[in-house]
Amino acid sequence: MKRIQFVLVTVIAGLLFTACSNTRKLPAGDALYVGSSIKVQDSTLSKKEKSAISGRISGLTRPTPNKKILGIRFKLAMYNLAGNPKKEKSPAGWLKNKVGEPPVLLSQVDLDHNEKVLQSTLENAGWFHAVVRGDTVVKKKKATAIYTVQPGPRYIVDTVVFEQDSSVLIRHIDTSSAATFLKSDVPFDLATVKLERERIDNYLKEHGFYYFDPDYIKVQVDSTIGSNRANLYVKVKQGTPTIARQIYTIKDVFIFPAFRLGAATSDTLKKNAKLYKGYYVVDRRERYKPRMFDEAMRFKTGDVYNRTDHNTSLNRLVNLGVFKFVKNRFEVQPRQDSALLDAYYYLTPLPKKSLRAEVNASTKSNNLTGSALTVGWRNRNTFRGGELLSIDATGGFEVQFSGNFRGYNTYRAGAEANLTFPRFVVPLIKLNTSSSFVPRTNIRLGYDLITKQKLYTVTSFRGELGYIWKESLQKEHTFNLIAINYVQPAKVTQEYTDSARKRPILLKAIEKQFIVGTNYNFNYNQLQGDRKDGLYFNGNIDLSGNLLGLLTGASQSDPKTIFRAQFSQYVKLETDLRYYLKLGSTTNKILANRLILGYGLPYGNSQSLPFVKQFFVGGTNSLRAFRSRSIGPGTYHDDTIDSTGFQPDQSGDIKIEINTELRAKLVGIIQGAVFIDAGNIWLRNDDTSTVLPRPGVKFTKNFMKEFAIGAGVGLRFDISFLVLRLDLAMPLRKPWLPDGQRWVLNQIDFSSPGWRKENLVLNLGIGYPF
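Now for a description of the structure that goes with this document. (Residues numbered from 1 in each chain as written. Predicted model: local features only at pLDDT ≥ 70, side-chain atom pairs only at ≥ 80, totals over all residues. Heavy atoms only, no water.)

In terms of helices and strands, the chain carries twelve helices and 29 strands. Seen along its three principal axes, the alpha-carbon backbone of the chain occupies a region of about 95 × 80 × 60 Å. Across the 770 residues of the chain, 42% fall into the buried class. Summarising the internal contacts of the chain: among those between residues at least 6 apart in sequence, 65% fall at separations of at least 24. A total of about 40,500 Å² of accessible surface is found on the chain, and carbon and sulfur atoms cover 57% of it. The positive charge centre, built from 108 side chains, and the negative charge centre, built from 68, are 6 Å apart in the chain. (Helix = DSSP H or I, 4+ residues; strand = E, 2+ residues; numbered from the N terminus. Buried < 20%, exposed > 50% of the residue type's maximum accessible area, 1.4 Å probe, protein only. Contact = heavy atoms within 4.5 Å. Areas by Shrake-Rupley, 256 points an atom, 1.4 Å probe, with all protein chains shown as cover. Lys, Arg positive; Asp, Glu negative; His and termini not counted. Charge placed at Lys NZ, Arg CZ, Asp CG, Glu CD.)

When the charged atoms of two side chains with opposite charge come close together, those side chains can pair. Inspection of the entire model under this criterion finds 38 salt bridges. A salt bridge links Glu416 to Arg462, with the shortest nitrogen-to-oxygen separation between them at 2.9 Å. Placement of Glu416 in strand β15 (residues 410–421) and of Arg462 in strand β17 (residues 456–470) is noted, with a sequence separation of 46 residues between them. Its relative accessible area of 24% is what places Arg462 among the partly exposed residues. (Salt bridge = Lys/Arg side-chain N within 4 Å of Asp/Glu carboxyl O.)

By the definition in use, this model includes 31 aromatic pairs. Taking 5.0 Å as the distance between ring centres and 50 degrees as the angle between the ring planes, the aromatic pair formed by Tyr447 and Phe461 counts as tilted. Here Phe461 lies in strand β17 and Tyr447 lies in strand β16 (residues 440–452), a separation of 14 residues in the sequence. You can call Phe461 partly exposed: its relative accessible area is 40%. Both rings, one in Trp682 and one in Phe699, keep their centres 5.3 Å apart while their planes meet at 85 degrees; by these two values the pair is edge-to-face. Pair noted here: Trp682 is in strand β26 (residues 670–682) and Phe699 is in the loop between β26 and β27 (708–718), with a separation of 17 residues, a long-range link. Lys327 extends its terminal NZ or CZ atom over the ring of Tyr346, reaching a point 6.0 Å from the ring centre. Directly above the ring of Phe675 sits Arg624, whose terminal nitrogen or CZ lies 3.7 Å from the centroid. (Phe/Tyr/Trp six-rings, centres within 6.5 Å; stacked < 30°, edge-to-face > 60°. Lys NZ or Arg CZ within 6 Å of the ring centre and 35° of its normal.)

The subject of this paragraph is the sheet that holds strand β3 (residues 142–150). Strand pairing within a sheet occurs via backbone hydrogen bonds; the two strands may be parallel or antiparallel. Strand order across the open sheet formed by three strands is β1-β3-β2, with mixed pairing between neighbours. In this open sheet, the two edge strands, each paired with only one partner strand, are β1 (32–40) and β2 (131–139). Here the strands of the sheet are splayed against their neighbours by 20 degrees on average, with no regard to which way each runs. Here β2 runs beside β3; their pairing, made up of nine bridges, is antiparallel. The residue bridging Val138 from the neighbouring strand is Ala143, located in β3. (Pairing = 2+ DSSP bridges. Axes fitted to C-alpha atoms, helices over the stretch in contact; angles between N-to-C directions.)

One open sheet accounts for three strands, arranged β4-β6-β5; its pairing is mixed. Edge strands, defined here as strands with exactly one partner in the open sheet, are β4 (156–162) and β5 (217–222). In this sheet, adjacent strand axes meet at a mean angle of 25 degrees when their direction is disregarded. The sheet contact formed by β4 and strand β6 (residues 229–236) spans five bridges and is parallel. Its bridge partner being in β6, Ile156 is matched across the sheet by Arg229. Relative to β6, helix α6 (residues 168–175) is tilted by about 140 degrees, and along the sheet it contacts β4, β5 and β6.

Of note, Ser313 is situated in helix α9 (residues 307–319). Residue contacts for Ser313: discarding those within four places in its chain leaves Ala296, Met297, Arg298, Phe299 and Tyr345.

Among the nonpolar cores identified, the biggest contains 25 residues, and Phe293 and Tyr345 are the most heavily contacted of them. Contributing elements (two or more residues each) for this core: β7 (249–256), β9 (279–282), α8 (291–296), α9, β10 (323–332) and β11 (340–349). Tallying contributions element by element places β11 first for this core, with four residues. Ignoring sequence-local partners within four residues, the contact set of Phe293 consists of Ile255, Pro257, Val281, Tyr288, Leu317, Phe323 and Leu347. If you look at the next biggest cluster of nonpolar residues, it comprises 18 residues, including Ile170, Ile217, Val234 and Val236. (Core = buried A, V, L, I, M, F, W, Y, C linked by side-chain atoms within 4.5 Å.)

Pairing of strand β8 (residues 273–276) with β9, which is carried by four bridges, proceeds in the antiparallel orientation. Bridged to Lys274 within β9 is Val281. Taken together, β8 and the strand that follows it, β9, pair antiparallel across an intervening segment of two residues, in which Lys277 is found at a positive phi of about 50 degrees.

Among all positions of helix α2 (residues 47–57), only Ile53, Ser54 and Ile57 are buried. Projected onto a plane normal to the axis of α2, the buried residues spread over an arc of 95 degrees and lie on a single side. Pointing more than 90 degrees away from the buried face of α2 are the exposed residues Lys48 and Gly55. Residues of α2 that are buried make contact with β1, α5 (111–124) and β3. (Arc of directions from axis to C-beta.)

Written out as structure tokens, the structure reads:
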């Protein structure tokens, strides 16, 4: 507490006296260095060209002046305010050494060095005759370095010439010249020359030149041809060794799947190798089927070495999911008549079996708080072919300790088993991919039990057989050849039955559902690694009952059953498109945008989509100004909710949702956000229920007038391994109000407790909403 008080006092004092304190304690005869400026002197250049030159070199001078916060050198002020504390761990010592920053002095500025750096940078960019002179100006103990630049003419590339002779290496380089980065009639730039050397090296690595290096390429510049133009000559250095001039072919491939780091040489004895389809596998205990490596590896005996297959083989071995470390080396075969490489792969296994436990907590916008525990068991390499068997058991609950939902707790329990094969398992056909990612066949079985206290209990059986493959780092496909979901009510209370008589829509949540179908998902994601901007797309096609409908002749007037359950027939399409735009040169500000479109078409055996396949809006990751699943369909709003607060989930066949959020870093791990959400759901047809018809639920051409709109602000706490999110939102437009009265901006009254209780929605979540 004392430290906090001390910091607050010193911060306020620092802000009040920073102007004078920053220079008052400087050494005698010195000055505070506040930065540099660039002056370009050349009457032949336009203002824009001068600005471009200045921008190219302005950030290269050293040292960097003291940092500013809102125009104030705050850290320097804290350094000066701390004085000379006797103890480093005292509050003053902490302020000086952890918060503060010592002054950057004029005496630390090396003008000669900065002149050489700026001049060299300009010469590398084509200003071969550039001259830079530096000077300093001191005013009121503040010093500025001024660098005067006379760039002279910038040289233009005239002709690019590639070396010619009959050697294999030179002929390959000449063949690649059509893709050169060196172009005529553009300014010379050393950075482009470096890129060209790397391009040539990449090309050669793809064509067998394993030992080639970019340093073996030189680009000579002839600037004597006049008219401020230069010729470029691309050549191979004379001292390039013989091994770098040869095309290498793979001879033998040795795989050590039981390699242990730091182990004895017995792990790498080739005498224990067994040949399988061109691969030598050293696996004395036969823990792995050799077929697994044939499907993962890209190199084979007789292949010309290339970097793509080199990297792809390593990536696919890693993606098998059974090895902790994967490394390789190549060894030259000592022969005079040919250039041959032996490839060695050393694979360190992961533990075969493992247990894990996961606990999570959640808070929803309808004030329900819950937690869940998942315990999982993993068995890697189950059948010696890289298979992964995982079994998970989950239990959880959601409760509300006060309010309208008190006593209506939700309890969940379930189990799921997954068996994954690192290959396409297709009878009579051998399929594979050429990407860096191993395709997978997945078999899943699951069971769920959901109990809503005082209302009902529902059981669910799930099964899937499908394939997952990645076309590239950005593109992933998932195709479930068969997906089965069987849902049935196990217990329904009288209270729920009585409510359903008044509102038949409640029956959707407990209706029997038998879904047998096929689905396909395509995911495109540019947001890889540290990249925060780019495009994300997820598209899903879900078909159910199409084959069963043909076999049984099912129709809406004559529905059919299988295993005493009526199966569903529908087509469901859904897309999720997101675009993240970086504002400025850093990733501190991101404009995140999302568009969700969904359409469901029941046919044949079904009057509507199954409840688990319908669309919903509202909630923590949707329209945050409205309670979870409380919007729509259309302009409908249930005004007959029981005093207990018991409320059905509102679902629809069509969905449109639009979200825009501006995210900005505030300080440290704290980020801020301002957002606006809009959307709704609709039914394809009118609700003709005779008990409680729902007007306004049908999708029409006036759908945009029926959007629910909300806005708000939020905080995100990014603690590296997860993001905690807090959003406060309020509705701006309520679609259930009469046309012309749906905008509610004029009703905003933050001083009114009643308005705040009805309109302010607090959302707590983990991770970003999108």
